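This is what each chain is made of:
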Amino acid sequence: DKGGYKHFMAKEIAEQPGVLSNALRAYLNRDTIALPVEGLDFNKIDRLVMVACGTAFYACLTAKYWFEKLAGLPVEVDIASEFRYREPPIPSGTVALFVSQSGETADTLAALRYCRDKADRIISVVNVPESSIARESDIALPIHAGVEVGVASTKAFTCQLNVLLLLALKAAHARGRMDDAALAGMLDDLRGMPGLFNAALDRDGVIAQAAQKIAEARDVLFLGRGLMYPLALEGALKLKEISYIHAEAYASGELKHGPIALIDKSVPVIVMAPRDSLFEKTVSNMQEVMARGGKVCLITDAAGAQEAGGDVWQVIRMPEVSETLAPLLYALPAQLLAYHAAIAKGTDVDQPRNLAKSVTVE
Ligand code: F6R
C-alpha cells in the first residue's frame, strides 16, 4: 500500500521522521543508549572491520568517520564481494560488523561466514531480524525501518546510519572519549532529528526544481568532503539507479587529480557542504568547478548559502544540524534529487531496470 503516494520510494522517503522516532524510542533511555550489546567490551576492541554492499557500504563508510573520531577506534571498511575473496587476515581483537537491509545479500553473508571463527565478535545491523545475516551474527541490531519496498534504499539507509551512530557513541562513552554530559547532548541532538527531517522535507519543491534541470544532463558529478563524501557516493548511486543518468562521486580533494577534466557547462556538479569545519576547503573546490563553467548545485545550510551561495546555479538550503549528525539529514536531498530526476525522465522509480531488491546470488 503506497498510502496515497505515487511511489513506494516517495512514501519511504517521507516515512523517515516517523521510523527514526521509532528507532530512537527503541534504543534510547533518558541519557543512555540501550543497544543490546551485552558482553561486548569496547575497551578490548583493537579494530573494527565493516563490510557491506551498495548503499549499506556507504552507511559503513560514514560510520568509519564516527568510530574513528568519536571513539578513537581504528576502522576498516570493505565491499563484501572484494573482502570475501581477498580473505584478509583478521587479527584477534577484531570485531566484524556487517550491514544489510535485507540480511540476505549473498556476498555480505559469505563475508560474515569467512569471519565466523576469526573475529572476536560478529555484529550485524539489519532491517530483517529473521534474516540469515541476523541469525548468523553474535549480536544483531535491528534498524527498525519497517518494510522497504522501493528497490532504491532510502529509509533503511538513514536508519542504518542511526544505529551505527548510536553504536559509535556507546563505544566513545565506554572508551572514556565522551563524558556523560557530552553523550547526553548528542542524544538530545539525535532526538531533534525527526523534526529536522520534517523541516527538510519541506524543501521538496526546490529540490524538484533542481532535479528538473539535472534530469537534462548526461553526466552528473557529486562532491563532498569528510562525512559528506560517503553521502556524495550515495547521492550518485541513487541517481544512476533510478534515473539512469551517469553519476559519479568524488571526495572534493580528489577533483584536481583527474575528474576536473570532465567539467564543462553540460555537467551539473552537486556539492554537498554544510557550513562545517571543512566548508572552506570544499568551497574552494567548488570555485574551481565554476571557473571552468561547471554548473554547481550547492546543498548547504543558511550560513553556507550566505557565504558561498552567491554565483552558484542552484542552492538547496537545509536546516541547521550539528556536524556529526549532518549525514543523516543530508541523505534526504540526495534521495529527493534522484527521485524527482527519475520522475522527470519517466523511469520506473520503484522497479528500476536490471535491479533486484535483494541480491541473493553473487
Ligand atoms: C541501493 C541499494 C543497493 C543495496 C545493496 C545491499 O539503493 O538498494 O545498493 O544497498 O544491494 O543490499 P542489502 O542492504 O540488503 O544487503
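Below is a short write-up of the structure.

What counts and what doesn't
Residues numbered from 1 in each chain as written. Predicted model: local features only at pLDDT ≥ 70, side-chain atom pairs only at ≥ 80, totals over all residues. Heavy atoms only, no water. Helix = DSSP H or I, 4+ residues; strand = E, 2+ residues; numbered from the N terminus. Rg over C-alpha atoms; globule rule 2.2 N^0.38 Å. Buried < 20%, exposed > 50% of the residue type's maximum accessible area, 1.4 Å probe, protein only. Contact = heavy atoms within 4.5 Å. Areas by Shrake-Rupley, 256 points an atom, 1.4 Å probe, with all protein chains shown as cover. Lys, Arg positive; Asp, Glu negative; His and termini not counted. Charge placed at Lys NZ, Arg CZ, Asp CG, Glu CD. Axes fitted to C-alpha atoms, helices over the stretch in contact; angles between N-to-C directions. Parallel < 35°, antiparallel > 145°, perpendicular 65-115°, else oblique. Nonpolar A, V, L, I, M, F, W, Y, C, P; charged D, E, K, R; others polar. Pairing = 2+ DSSP bridges. Polar contact = N/O pair within 3.5 Å; in protein donor to acceptor, adjacent residues only side chain to side chain. Phe/Tyr/Trp six-rings, centres within 6.5 Å; stacked < 30°, edge-to-face > 60°. Core = buried A, V, L, I, M, F, W, Y, C linked by side-chain atoms within 4.5 Å. Near = heavy atom within 4 Å. Salt bridge = Lys/Arg side-chain N within 4 Å of Asp/Glu carboxyl O.

## Some thoughts on the overall build of the protein chain
So, step 1. Of regular secondary structure, the protein chain possesses 14 helices and 10 strands.
So, step 2. A compact globule built from 362 residues would reach a C-alpha radius of gyration of about 21 Å, and the protein chain, at 20 Å, matches this within 12%.
So, step 3. When burial is assessed residue by residue, the protein chain has 58% of its 362 residues classed as buried.
So, step 4. Looking at the protein chain alone, contacts between residues at least 24 apart form 75% of all its contacts between residues at least 6 apart.
So, step 5. When the accessible area of the protein chain is evaluated, it comes to approximately 14300 Å², of which 49% is carbon and sulfur surface.
So, step 6. One way to put it: in the protein chain the 37 positive side-chain charges average out to a point 2 Å from where the 44 negative ones average out.

## Brief notes about the packing of helix 3 (residues 54–71) against helix 11 (residues 228–243)
So, step 1. Here helix 3 crosses helix 11 at 170°, and the two axes come no closer than 8 Å. Judged by the inter-axis angle, helix 3 sits roughly antiparallel to helix 11. Facing Gly-54, Thr-55, Tyr-58, Leu-61, Thr-62 and Tyr-65 of helix 3, the residues of helix 11 in contact are Tyr-229, Pro-230, Leu-231, Leu-233, Glu-234, Leu-237 and Lys-238.
So, step 2. Residue composition of the contact of helix 3 with helix 11, by class: eight nonpolar, three polar and two charged.

## With respect to the pairing of strand 4 (residues 121–126)
So, step 1. Most of strand 4 sits inside the fold, with five of its six residues counted as buried.
So, step 2. Here strand 3 (residues 94–100) runs beside strand 4; their pairing, made up of six bridges, is parallel. Across the sheet, residue Phe-98 finds its bridge partner in strand 4, namely Ser-124.
So, step 3. Strand direction decides the pairing type here: strand 4 and strand 5 (residues 139–142), joined by four bridges, are parallel. The partner of Val-126 across the bridge, within strand 5, is Pro-142.

## Structural notes on the side chain of Arg-47
So, step 1. Its location among the elements puts Arg-47 in strand 1 (residues 47–52).
So, step 2. Polar contacts involving the side chain of Arg-47 include one to the side chain of Glu-76, which spans 2.8 Å.
So, step 3. With residues up to four places along the chain from it excluded, the contact list for Arg-47 reads Pro-74, Glu-76, Pro-89, Ile-90, Pro-91, Gly-93, Thr-94 and Val-95.

## Some remarks on the sheet that holds strand 5
Backbone-to-backbone hydrogen bonds pair the strands of a sheet. The strands run either parallel or antiparallel.
So, step 1. The parallel open sheet is built from five strands, whose spatial order is 2-1-3-4-5. The open sheet is flanked by strand 2 (75–79) and strand 5, the only strands paired with a single partner. Going across the sheet, the axis of each strand differs from the next one's by a mean of 20°, ignoring polarity.
So, step 2. When strand 1 meets strand 2, the two strands line up parallel, connected through five bridges. The residue bridging Val-49 from the neighbouring strand is Glu-76, located in strand 2.
So, step 3. Across the face of the sheet, helix 3 comes into contact with strand 1, strand 2 and strand 3 while running at roughly 175° to strand 2.

## Thoughts on the packing of aromatic side chains
So, step 1. Inspection of the entire model under this criterion finds two aromatic pairs.
So, step 2. With 5.8 Å between their ring centres and 80° between their planes, Phe-83 and Tyr-114 make a pair best called edge-to-face. Of the two residues, Phe-83 is situated in helix 4 (residues 80–86) and Tyr-114 in helix 5 (residues 106–115); the sequence distance between them amounts to 31 residues. Grouping residues by exposure puts Phe-83 and Tyr-114 together as buried.

## Side note on the sheet that holds strand 6 (residues 219–224)
So, step 1. Pairing is parallel in the open sheet, where five strands are placed in the order 7-6-8-9-10. In the strand order of this sheet, the two ends are held by strand 7 (246–251) and strand 10 (314–318), each with one partner. With direction set aside, neighbouring strand axes in the sheet form an average angle of 20°.
So, step 2. Inspection of the sheet shows strand 8 (residues 268–272) paired to strand 9 (residues 295–301) by five bridges, in the parallel sense. Pairing of Pro-268 across the sheet is with Lys-295, part of strand 9.

## Remarks on the nonpolar core
So, step 1. Ranked by size, the top nonpolar core spans 104 residues in total, and within it Met-50, Leu-141, Leu-169, Phe-222 and Tyr-330 carry the most contacts.
So, step 2. For Met-50, the residues in contact, after removing those within four places along its chain, are Cys-60, Ala-63, Phe-67, Val-75, Glu-76, Val-77, Asp-78, Leu-97 and Leu-164.
So, step 3. Counting 17 residues, the second-largest nonpolar core is a separate cluster that includes Phe-83, Ala-119, Ile-122 and Ala-134.

## Thoughts on the site of the ligand
So, step 1. In the neighbourhood of the ligand, 14 residues make up the surrounding shell, with Ser-100, Gln-101, Ser-102, Thr-105 and Glu-241 lying closest.
So, step 2. Gln-101 has a polar backbone atom sitting 2.6 Å from an oxygen atom of the ligand.
So, step 3. For the ligand, whose accessible area on its own is 410 Å², the fraction buried by protein is 90%.
So, step 4. Mapped by element, the contributors of at least two residues to the shell around the ligand are helix 3 and helix 11.
So, step 5. The class makeup of the residues in the shell around the ligand is five nonpolar, seven polar and two charged.

## What to know about the pattern of salt bridges
So, step 1. Summed over all chains, the structure comprises 18 salt bridges.
So, step 2. Here Arg-84 makes a salt bridge to Glu-362, at a shortest N to O gap of 3.4 Å. Here the residue Arg-84 occupies a position in helix 4, and Glu-362 occupies one in the segment after helix 14 (326–345), the gap between them amounting to 278 residues.
So, step 3. For Glu-362, a relative accessible area of 60% translates into the label exposed.

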